[in-house]
Amino acid sequence: MTTAAPTSSSRELPHPTREEIRLEPVLHALSDPMRLQVVRELAADGDELSCSHFDLPVTKSTTTHHFRVLRESGVIRQVYRGTAKMNGLRRDDLDDLFPGLVDSVLTAAARQAVRLGGS
């Protein structure tokens, strides 16, 4: 996997370029309830959020795994800002590659949450 915007930082995390993003890993990343919650929060905020912002009911190592799956699939971009690892939804890339996918998934997730009595 290549990094879309190389820098000299040793703390840079690998991300697929837009051309490397594939539908199957994106769908896999979005299929998990915890990862979908992260994507919903990022989409609602519209900006970068730190990993500590997310209060997932799983262990720290599991949370790290979920973020890695989202990053390696191309759903999110993670960058260090000082000591914080910031997360942003790669909305432009996903909308360009898979028109309507993010909106459809977010709408379906919101409807399911209402139907099941969640948020």
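Computed from a predicted structure; not experimentally measured.

1. Topic: helix H2 (residues 33–45)
At step 1: The first and last C-alpha atoms of H2 sit 18 Å apart over 13 residues, in line with the 18 Å expected at 1.5 Å per residue.
At step 2: On its buried face, H2 sits against helix H1 (23–30), strand S1 (49–50), helix H3 (60–73), strand S2 (76–81), strand S3 (84–89) and helix H5 (101–116).
At step 3: Where H2 begins, one side-chain oxygen reaches toward the backbone nitrogen of Met-34, 2.8 Å away; that side chain belongs to Asp-32.
At step 4: A positive phi of about 75° marks Gly-46, the residue just after H2.

2. Describing the packing of H1 against H3
At step 1: Across the interface, H1 lies against H3 with an axial gap of 9 Å and an inter-helix angle of 155°. With respect to each other, H1 and H3 are oriented roughly antiparallel. For H1 against H3, the interelement crossing comes out left-handed. Contacts between H1 and H3 involve Pro-25, Val-26, His-28 and Ala-29 on the former and, on the latter, Val-69, Leu-70 and Ser-73.
At step 2: Each residue belonging to the contact of H1 with H3 can be placed in one class, and the counts come to five nonpolar, two polar and no charged.

3. Examining the pairing of S3
At step 1: Bridge analysis of S1 against S3 gives two bridges, and the strand direction is antiparallel. If you follow Leu-49 over to S3, its bridge partner there is Asn-87.
At step 2: Once S2 ends, the chain turns through two residues before running back antiparallel as S3, passing Gly-82 with a positive phi of about 65°.

4. Topic: the packing of aromatic side chains
At step 1: One pass over the full model with this rule turns up one aromatic pair.
At step 2: Ring centres of Phe-54 and Phe-67 lie 5.4 Å apart, and the angle between their planes is 65°; on these two criteria the pair is classed as edge-to-face. Here Phe-54, found in the loop between S1 and H3, pairs with Phe-67, found in helix H3; they are 13 residues apart in sequence, far enough to count as distant. There is no split in this pair, since Phe-54 and Phe-67 are both buried.

Analysis parameters
Residues numbered from 1 in each chain as written. Predicted model: local features only at pLDDT ≥ 70, side-chain atom pairs only at ≥ 80, totals over all residues. Heavy atoms only, no water. Helix = DSSP H or I, 4+ residues; strand = E, 2+ residues; numbered from the N terminus. Expected span 1.5 Å × (residues − 1). Contact = heavy atoms within 4.5 Å. Polar contact = N/O pair within 3.5 Å; in protein donor to acceptor, adjacent residues only side chain to side chain. Axes fitted to C-alpha atoms, helices over the stretch in contact; angles between N-to-C directions. Parallel < 35°, antiparallel > 145°, perpendicular 65-115°, else oblique. Left-handed = near helix turned anticlockwise from the far one by under 90°. Nonpolar A, V, L, I, M, F, W, Y, C, P; charged D, E, K, R; others polar. Pairing = 2+ DSSP bridges. Phe/Tyr/Trp six-rings, centres within 6.5 Å; stacked < 30°, edge-to-face > 60°. Buried < 20%, exposed > 50% of the residue type's maximum accessible area, 1.4 Å probe, protein only.

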